[in-house]
Amino acid sequence: LDAAVFEGATGLGKTLAASPDTTQCVTARALQYATGLGSEAVSPWVEELDKQFAANGYGIRALFLKVATMPETWAVPNAPLDKNASHVTMARQRR
């Protein structure tokens, strides 16, 4: 879409609607937001989810429901524990 030429909001909408990159971007962003992962980490799921998004008529609610119910989006990663930790906190650490 970098080289796309359009005029006004209507032109932008038509340009975005004509590009398959748009729905893949929406799908990828939904997955990234839900999982907190980067684009490379969610890329294995994007193609199939984008097909389902299209099959559901590009309904954003259906996409969000599918993303929210995917085990990959709510699974807790198995991270190693810090054996030297002296306490546990739910507060974010300042860096």
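Quick summary incoming for the structure in this document. Just so you know, these numbers come straight off a predicted model, no measurement behind them.

### Concerning the packing of helix α2 (residues 20-35) against helix α4 (residues 60-69)
As a packed pair, α2 and α4 sit with axes 10 Å apart at the nearest point and diverge in direction by 40 degrees. Comparing the axis directions of α2 and α4 gives the class oblique. Once α2 is placed against α4, the crossing between them reads as right-handed. Of the residues in α4, those touching α2 at V26, T27, A30, L31 and A34 are I60, L63, F64 and V67. Tallied by class, the residues present in the contact of α2 with α4 amount to 8 nonpolar, 1 polar and no charged.

### Observations concerning the packing of aromatic side chains
Per the counting criterion, the structure on display carries 1 aromatic pair. Ring centres of F53 and Y58 lie 5.2 Å apart, and the angle between their planes is 85 degrees; on these two criteria the pair is classed as edge-to-face. Among the residues examined, F53 registers a relative accessible area of 7% and is labelled buried. Overall, the relative accessible area of 46% leaves Y58 in the partly exposed class.

Quick notes on the rules
Residues numbered from 1 in each chain as written. Predicted model: local features only at pLDDT ≥ 70, side-chain atom pairs only at ≥ 80, totals over all residues. Heavy atoms only, no water. Axes fitted to C-alpha atoms, helices over the stretch in contact; angles between N-to-C directions. Helix = DSSP H or I, 4+ residues; strand = E, 2+ residues; numbered from the N terminus. Parallel < 35°, antiparallel > 145°, perpendicular 65-115°, else oblique. Left-handed = near helix turned anticlockwise from the far one by under 90°. Contact = heavy atoms within 4.5 Å. Nonpolar A, V, L, I, M, F, W, Y, C, P; charged D, E, K, R; others polar. Phe/Tyr/Trp six-rings, centres within 6.5 Å; stacked < 30°, edge-to-face > 60°. Buried < 20%, exposed > 50% of the residue type's maximum accessible area, 1.4 Å probe, protein only.

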